[in-house]
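One letter stands for each residue in the lines below.
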Amino acid sequence: MELFLVLWHRMQSLATRKRRDAELDEELRAHIALATEENVRRGMSAEEARRQALVDFGGLAQTRENYRVQRGFRWLEELARDLRYAARQLARNRGFSSTVILTLALAIGVNTAAFSLVNALLLRRLPYPQPEQLGAISMRLTGPMAMDAPSSINGEQWENLRDRVPSLLSAVASSASEVNLATAERSHAVRAARISAHYLDVLGIHPAIGRNFTEEEDLPNGAKVALLSGRLWRSVFNSDRNLVGQAIRLKGETYTVIGILPESTPAPMDTEVYTPLRPSREGEGRGGNYEAIVRLRDGATWQQADAEIGRAWADVGRSFAARNPGTQVSFHTVALQKGATLQLRPLVLGLLLATGFILLIACANLAGLMLVRMERRKPELATRLALGASMSRVLRQLWVESLLLALLGGTAGVSVGYAALHGLLALLPKHFLPVADVPLDGHVLAFTLIASLLTSLLFGMLPALFLRRFDLSERLSSRFCTSHPRLRLRQMLIAGEVALTVVLLAASGLLIRTLVHLETLPPGFDAKGVLAAKASLDDVRYADPAAFRKLMDESLAAMQRIPGVKSAAVGLTLPYERPLNDEVTIRNGKETGTSANSDVIYTTPGYFETLGIPLLAGRAVASSDGPETQHVAIVNLAFARKFFHGENPLGRTLNKETMIVGMVGDVPLSPCFGNDDTPLDREPTMYIPAAQVDKKLLTLVHIWFEPSWIVRATNPGEDLAVAMQRTLASVDPGLPFSGFYHMNDLRAKTLYVQRVEVAALGLLAGLALLLSAVGIFALVASLVTLRTREIGIRIALGSSLREAIATVGNSGVNAALAGLGIGLALCAVLLPAMRSMIFGIEVYDMRTAAAVVLSLLLVVFLAAFTPALRIARIDPAQTLRAE
Amino acid sequence: MGKDRTDLLQGTLDLMVLKTLETMGPLHGYGIARRIEQVSENALILNQGTIYPALLRLEQRGWIKAEWGTSESNRRARFYSLSRLGRKQIEKETENWQRVAATMARFLAPSS
């Protein structure tokens, strides 16, 4: 109770300080007056009475001070006073303040951007109820191909998961693809996914209007029903409340809308339309094509679930081990968020590390600046100490200055971070990140605040270390500083900065070389003049191979009539894309019975010609190849090398009775097999005539892929795209192209990760180099200023200008060289961690190392000797006179 | 009562001020200081200024109240008076002191 009263009183006093000060003064005056009166009554003279009264009172100032101590929150008032003083100091030294704030804004800003990514991907909870109960199924392989990552499952695994793992509520989905949605006005290409009946239940999403799928609808031959996302409902259907129960035309068929998802929850897989998956053991269920998500039921544990999965999928393990001796496979649950972001983790954390380096480099620069400033303020500080301020008080006030700078820099940094983040996100293709958005939320702001505080400690603490050995008398009396102010310390800071810069430069150098390597892989075809357009044939009208063939013939004939078009063709996938893969068995010759994995692409006649892929032997797909004639295939060089050891593959038979009739050159594509994650490579590929694809395969591949119409023309521009769209519409008005691409666009799409890495890290490395250069420049410039007198004397005594410049510049250069050495050592240790991101070159690549060293030396010499050149303007006569 | 010496000193001064106000009625700062000097028969010579932080402390705790008024010599001065809480505090502290004194007396008495 007492404490509360005291606090309350103190808070009131805060508000009425001035008035209370005045009242106290009046009260004290009254006291002295009363005392004087009494003394006069006792017989003293007026003067003596007053003097005695004052003596009896004690110190007036002291009393006032003690009174104030009792009255208010002392530390708060002092802090306020320190802040005001700091603000005045900063306003007076605008050059210094703006340099510091700008540097901090940049450094903290990039950290904010990087942390926003880390936060959105790794820290933020999934936007579903009880997200800690959500999981995915991860496949762990031991042995030579060791890995542990979520993988897709097949129909049999799904049925066992659903029926024999009671601890989990499970669901599966297909990956998202583009399909055609036809409304009265036009056709839209929308993103769609197929989900099993309980998918939304696992996530905990309930339709805002209508209902979820039932289990009957999820069976093969179930009703054609669809769920729409809230966003699609709003944009295409104008939030029509009567839409539920109505029919829409999806994939060429009629679907009934049974529900609309709420717009407040992010739509799973960022799609617009959901239809029942109807998982089975046939068709796509034969292979690993379903992505599973699970929710732990109440009362169950993850260990129980893992054990049950192990039992349910025991067969899978056994047959896998039989086919791949030496490897063991096991399955376990993993948190859904972790599983989804597994690949991105190292990238995002690496980015945060790089921005952390930038912050350290910036702090080193600022610490150097602060040291110089402290040096200049020595007389002022000495005076304050002499007047009775305690050392801790002075230090605290200095720290408040750094704090104010850091907070201002941090606030500016938030805007810089916002801009940097959105710049980065703009570089990424849509749907690249598994989260809907990357906000600057509370966590990020808290991070920025903490970063600012730590920064202020880092470069504000230095004056503290520096002031500890402070000799008052020396500082007060000396006008010139003869001893060197902390040169060693500043050189160490420079060395540290340069070391970190070297690491960043080397890392970005390796990534740049990787990107260059990937982008300049021999294309194996001629991309000039080629335009590609994709359309979704996941449409009931083209399930019949005859209808499909008719579409191919008519659309291609019409395309070839477009003026300027030299040739046209259709292919399931194109170079640079990820193709269909399958297992093939060789039926004759030495290698009979061998089966292996190959990519499979169906093409129309003219595919190789349109793309400019060289025909090395035999023939290409011809219009004579039809469903009734001999099934043929054309393989690429990689296929021949891998399965026939370089011998001529013509005449060999594959699978049932497909005969190899031709061989073409290799083209780079996004590999399906292979041990490392190289984004572009050549793989054994088999091209088959589109006309010879059977009904079952046709339906499947059109669910997974959008085939491309490719056209070689003299002028592949906007007009050509419009012409192609019109041509296709003339053949089938309900079939829109979903996008147009140049071959380089496809390559860019496949290499997006590498491009973003290069952009981000390259920028950071450049920033680090700039900051280091600024640091070295500042060091040498301050040396020149401080040692002007000494240099003037030296020159007067006969030293050459060059020697003088060299002496000063060398301080900077030596520090940088030390940093270079440390940096290279750090590289040797840290760079191997990047092995998974580098392709085509070694981690310890000599050319990259040479480039890094050369560019660093160039910048260092420029930064160190430019300010040193000012020495040329020193007039020795003048400096001597100033003595 | 406080734990260390400064608190002890403050505590005794507080009690003296409260008792003074109880005996003398409302009084200004100077009056209270003089009275304490007199009662302690000048054994306690404190700097009169120290009374003011003490008065503020008592005011913050709600044991005394303050009002502006006029002195006998027609001077405007701030007069302090005891509050109800203050009277209760006097009782508490007096009891405390008497207990302490009694205990000490027992220790200091000639052994018998």
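The model shown is predicted, which means the values in this text are computed figures rather than measured ones. (Residues numbered from 1 in each chain as written. Chains lettered and ligands numbered in written order. Predicted model: local features only at pLDDT ≥ 70, side-chain atom pairs only at ≥ 80, totals over all residues.)

Participant: Quick rundown of the overall build of chain B? Include the residues and the values.
Facilitator: Scanning chain B for helices and strands turns up four helices and three strands. Seen in sequence order, chain B has helices and strands lined up from the N terminus as α-β-α-α-β-β-α. Here chain B holds 112 residues, and the buried ones make up 27% of them. Counting only contacts in chain B whose residues sit at least 6 apart along the sequence, the fraction spanning at least 24 positions is 44%. (Helix = DSSP H or I, 4+ residues; strand = E, 2+ residues; numbered from the N terminus. Buried ≥ 20, exposed ≤ 12 C-beta atoms within 10 Å, placed from the backbone. Contact = placed C-beta atoms within 7 Å.)

Participant: Kindly report on the overall build of chain A, identifying the contributing residues and their values.
Facilitator: A count of helical and extended segments in chain A gives 28 helices and 23 strands. Relative to a compact globule of 883 residues, whose C-alpha radius of gyration would be 29 Å, chain A shows 38 Å and is clearly more extended. Taken over the C-alpha atoms alone, chain A extends approximately 135 × 80 × 60 Å along its principal axes. A burial count over chain A gives 39% of its 883 residues as buried. (Rg over C-alpha atoms; globule rule 2.2 N^0.38 Å.)

Participant: Which residues make up the packing of helix H17 (residues 487-519) of chain A against helix H24 (residues 752-786) of chain A, and what are the values?
Facilitator: All names here are of chain A. Interhelical geometry of H17 versus H24 gives an angle of 155 degrees and a closest axis separation of 8 Å. What the angle tells us is that H17 and H24 run roughly antiparallel. For H17 against H24, the interelement crossing comes out left-handed. Broken down by class, the residue content of the contact of H17 with H24 amounts to 19 nonpolar, seven polar and four charged. (Axes fitted to C-alpha atoms, helices over the stretch in contact; angles between N-to-C directions. Parallel < 35°, antiparallel > 145°, perpendicular 65-115°, else oblique. Left-handed = near helix turned anticlockwise from the far one by under 90°. Nonpolar A, V, L, I, M, F, W, Y, C, P; charged D, E, K, R; others polar.)

Participant: For the packing of H17(A) against helix H26 (residues 801-830) of chain A, give the residues involved together with the corresponding values.
Facilitator: All names here are of chain A. Direction vectors running N to C along H17 and H26 enclose 40 degrees, while the axes themselves pass 6 Å from each other. Of the possible angle classes, the one that applies to H17 and H26 is oblique. For H17 against H26, the interelement crossing comes out right-handed. Looking at the contact of H17 with H26, its residues break down into 17 nonpolar, seven polar and one charged.

Participant: Got a sec to walk through the interface of chain A and chain B? Specific residues and values, please.
Facilitator: With 22 residues of chain A at the interface, the matching set in chain B holds 20 residues. Of all elements in the fold, only helix H1 (2-15), helix H2 (17-42), helix H3 (46-57) and helix H4 (60-71) of chain A reach the threshold of two or more residues within the side of chain A that touches chain B. Grouping the amino acids of the side of chain A that touches chain B by side-chain chemistry returns nine nonpolar, eight polar and five charged.

Participant: How would you explain the sheet that holds strand E3 (residues 76-82) of chain B if you had to name every residue and give the values?
Facilitator: Residue and element names in this part refer to chain B. On the basis of which strands lie adjacent, the open sheet formed by three strands has the order E1-E3-E2 and antiparallel pairing. Strands with a single pairing partner mark the edges of an open sheet, and in this sheet they are strand E1 (27-28) and strand E2 (64-70). Judged from the two bridges that link them, E1 and E3 form a sheet pairing that is antiparallel. What sits directly across from His28, in E3, is Phe79. (Pairing = 2+ DSSP bridges.)

Participant: So what about unusual backbone geometry? Which residues, and what values?
Facilitator: Residue A:Ser239 is not a glycine yet carries a positive backbone phi of 50 degrees. With respect to the element layout, A:Ser239 can be found in the loop between helix H9 (230-235) and strand E8 (247-250).

Participant: Account for the domain arrangement of chain A, with residues named and values stated.
Facilitator: Under the domain assignment used here, chain A contains domain 1 (2-70), domain 2 (131-340), domain 3 (344-519 + 753-881) and domain 4 (536-737). Each of domain 1 of chain A and domain 3 of chain A was reduced to a C-alpha centroid, and the two centroids are 54 Å apart. (Domains from an automatic or database assignment.)

Participant: If you had to explain the confidence of the model for chain A to someone new, which residues and values would you point to?
Facilitator: Low pLDDT marks stretches whose predicted atomic positions should not be read closely. Residues and elements named next belong to chain A. Per-residue confidence for chain A gives a mean pLDDT of 86; residues scoring 70 or more make up 96%. The least confident element of chain A, judged by mean pLDDT, is helix H16 (residues 472-477) at 52; the most confident is strand E21 (residues 685-689) at 94. The model gives residues 478-482 a pLDDT under 50, and that stretch makes three contacts with residues more than four places away or in other chains. (pLDDT = per-residue confidence, 0-100.)

Participant: Give a detailed account of H3(A), specifying residues and quantitative values.
Facilitator: Given a rise of 1.5 Å per residue, twelve residues ought to cover 16 Å, and the 17 Å separating the end C-alpha atoms of H3(A) matches this to within 8%. Trailing H3(A) by a residue or two, A:Gly58 shows a phi angle of about 100 degrees, which is positive. (Expected span 1.5 Å × (residues − 1).)

Participant: Tell me about the confidence of the model for chain B, and name the residues and values.
Facilitator: Per-residue confidence for chain B gives a mean pLDDT of 83; residues scoring 70 or more make up 85%. In the predicted assembly, ipTM is 0.82 and pTM is 0.76.

Participant: Describe in detail the pairing of strand E7 (residues 225-228) of chain A, supporting the description with residues and values.
Facilitator: Residues and elements named next belong to chain A. Side chains Val225 and Leu227 of E7 all project onto a buried face; the interleaved residues Ala226 and Leu228 project onto the opposite face, where all are buried too. Two strands pair when backbone bridges link them, and E7 and strand E9 (residues 253-260) are joined in this way by four bridges, in the parallel orientation. Paired with Val225 across the bridge in E9 is Thr256.

Participant: Give a detailed account of the nonpolar core, specifying residues and quantitative values.
Facilitator: Residues and elements named next belong to chain A. Core analysis: the biggest nonpolar cluster contains 163 residues, and Ile358, Val502, Leu504, Val711, Leu764 and Ala768 have the highest contact counts within it. For this core, the element with the highest residue contribution is H17, accounting for 16 residues. A domain split of this core shows at least three residues from each of domain 3 (344-519 + 753-881) and domain 4 (536-737). Once residues within four sequence positions are removed from consideration, Leu764 is found in contact with Val110, Ala354, Thr355, Ile358 and Leu504. Counting 49 residues, the second largest nonpolar core, distinct from the first, contains Ala226, Val294, Ile309 and Val334. (Core = buried A, V, L, I, M, F, W, Y, C linked by C-beta atoms within 7 Å.)

Participant: Kindly report on the environment of A:Pro522, identifying the contributing residues and their values.
Facilitator: Residue and element names in this part refer to chain A. One can find Pro522 in the loop between H17 and strand E13 (530-534). Overall, Pro522 belongs to the exposed group, with 10 C-beta atoms counted inside 10 Å. Distance from Pro522 to Pro668, taken between C-alpha atoms, is 7.9 Å for residues 146 residues apart in sequence.

Participant: Which residues make up the environment of A:Ile309, and what are the values?
Facilitator: Residues and elements named next belong to chain A. By secondary structure assignment, the location of Ile309 is in helix H10 (residues 302-312). Since 25 C-beta atoms lie within 10 Å of it, Ile309 is described here as buried. Between the C-alpha atoms of Ile309 and Thr265, which are 44 residues apart in sequence, the distance is 30 Å. Here Ile309 is in contact with Ile137, Leu161, Val165 and Phe331, once residues within four sequence places are set aside.

Participant: Give me the environment of B:Arg84: which residues, what numbers.
Facilitator: With respect to the helices and strands, B:Arg84 occurs in helix H4 (residues 84-108). With 10 C-beta atoms packed within 10 Å, B:Arg84 lands in the exposed category.

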